[in-house]
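Each chain, letter by letter, is given below.
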Amino acid sequence: MRLITTILSLLIIVLLLLLVTSNFNYLRNWIKTALMRSDNCIVKKSIKDNNRIPGHCDENKILQQFARLYITSPERIVHLLTERPLFNTCNQVSDVLTKINKILTRHQAFSVDNLYVKLYNGLKHFDDNICQRSFSAEDKDLTNYQDCIQELHEDLIECEGPPDWFEKTNEAVVCQYLNDIVNCHYIKTAMLCGLKPALLLRTFSIGIMQEVVTSKCKVSKSLPHVDDPMPGGTIMFESYSLLYPCAFCVLLLLFLL
């Protein structure tokens, strides 16, 4: 009987020791995890170089900045052109880029192929070519057609590809979507604003897409056929301009007679 009691006592002691050890390890791991938190973000350690690499919280902060502009795809970056007024949009773009840049600078380990880095590059392309570009009176400046392009707010949404199309690994599929989207942008713009601004917007869209997609896509140089919405506008104006001298001559002859 004493032997059984002794054995049971030993088993209880062993179980208590295991329980205490387990709790101690849990507590130690919890403290270790807590100490590795920085700016409320869980940070992992790189075994190779002992550097901090970005965790999910850092990506969430970047995602929150993109959400301010409703950016979920490269098409949505192009769509910023339709927002009114453009001046306010550019101010928001500048602020978002500044905040994201601080996060990327703090965590150098973000890969260049990271989705958020690619979207950042696309938004930077928008800022460089639209917001930071000096105003030009030349008709090759896309911002000169801003009044008409802003009317494409709903039309350009119809050009968007399926969710996450630009993240797919099949290069042929990604490139096909890219070509379809930029051609859709061209058609929608040409039908409302004319062929020249349509070509400018298509070129701008290609620049945005190529900043975001990881595939090296070849974009077709052939343009979709679209009838000019005002094919006779320029010719009619030129015809009237030729009539002005003739009318003046007729009036002068009548006066002399």
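Residues numbered from 1 in each chain as written. Predicted model: local features only at pLDDT ≥ 70, side-chain atom pairs only at ≥ 80, totals over all residues. Heavy atoms only, no water.

Participant: I'd like a rundown of the nonpolar core, residues and numbers included.
Facilitator: Phe 66, Leu 123 and Phe 126 are the most contacted members of the largest nonpolar core, which totals 48 residues. For this core, the secondary structure elements donating two or more residues are α2 (56–68), α3 (74–79), α4 (86–106), α5 (115–131), α8 (171–193) and α9 (195–212). Once you skip the residues sitting within four places of it in the chain, Leu 123 turns out to touch Phe 66, Leu 69, Ile 71, Ile 77, Leu 80, Val 93, Val 96 and Leu 97. (Core = buried A, V, L, I, M, F, W, Y, C linked by side-chain atoms within 4.5 Å. Buried < 20%, exposed > 50% of the residue type's maximum accessible area, 1.4 Å probe, protein only. Helix = DSSP H or I, 4+ residues; strand = E, 2+ residues; numbered from the N terminus. Contact = heavy atoms within 4.5 Å.)

Participant: Which residues make up the environment of Leu 192, and what values do they have?
Facilitator: Tracing the backbone through its elements, the reader meets Leu 192 in helix α8. Residue class for Leu 192 comes out partly exposed when judged on its relative accessible area of 45%. Once residues within four sequence positions are removed from consideration, Leu 192 is found in contact with Cys 148, Glu 151 and Leu 152.

Participant: Which residues make up the packing of α4 against α5, and what values do they have?
Facilitator: Look at α4 against α5: their axes get within 10 Å of each other, and the N-to-C directions meet at 140 degrees. With respect to α5, the element α4 is oriented oblique. As for the relative orientation of α4 and α5, their crossing is left-handed in sense. Along its contact with α4, which presents Leu 86, Cys 90, Val 93, Val 96, Leu 97, Ile 100, Asn 101 and Leu 104, the element α5 presents Val 117, Tyr 120, Leu 123, Lys 124, Phe 126, Asp 127, Ile 130 and Cys 131. (Axes fitted to C-alpha atoms, helices over the stretch in contact; angles between N-to-C directions. Parallel < 35°, antiparallel > 145°, perpendicular 65-115°, else oblique. Left-handed = near helix turned anticlockwise from the far one by under 90°.)

Participant: Pulling in residues and values, what's your account of α8?
Facilitator: A rise of 1.5 Å per residue sets the reference length of α8, with its 23 residues, at 33 Å; its end C-alpha atoms lie 32 Å apart and thus fit the reference within 8%. With a side-chain oxygen lying 3.1 Å from the backbone nitrogen of Ala 172, the N-terminal cap of α8 falls on Asn 170. With its phi angle positive at about 115 degrees, Gly 194 sits one or two positions after the end of α8. (Expected span 1.5 Å × (residues − 1). Polar contact = N/O pair within 3.5 Å; in protein donor to acceptor, adjacent residues only side chain to side chain.)

Participant: Give me the state of the cysteines: which residues, what numbers.
Facilitator: Going through the model one piece at a time under the given rule, you end up with 4 disulfides. With its sulfur 2.1 Å from that of its partner, Cys 90 forms a disulfide with Cys 131. Here Cys 90 and Cys 131 share a disulfide; its torsion about the S-S bond, -85 degrees, makes the bridge left-handed. Of this pair, Cys 90 sits in helix α4 while Cys 131 sits in helix α5, and the two are 41 residues apart along the sequence. Across a sulfur-sulfur distance of 2.1 Å, Cys 175 and Cys 217 are joined as a disulfide pair. In this structure, the disulfide formed by Cys 175 and Cys 217 twists by about -85 degrees around the S-S bond and is classed as left-handed. (Disulfide = S-S within 2.5 Å.)

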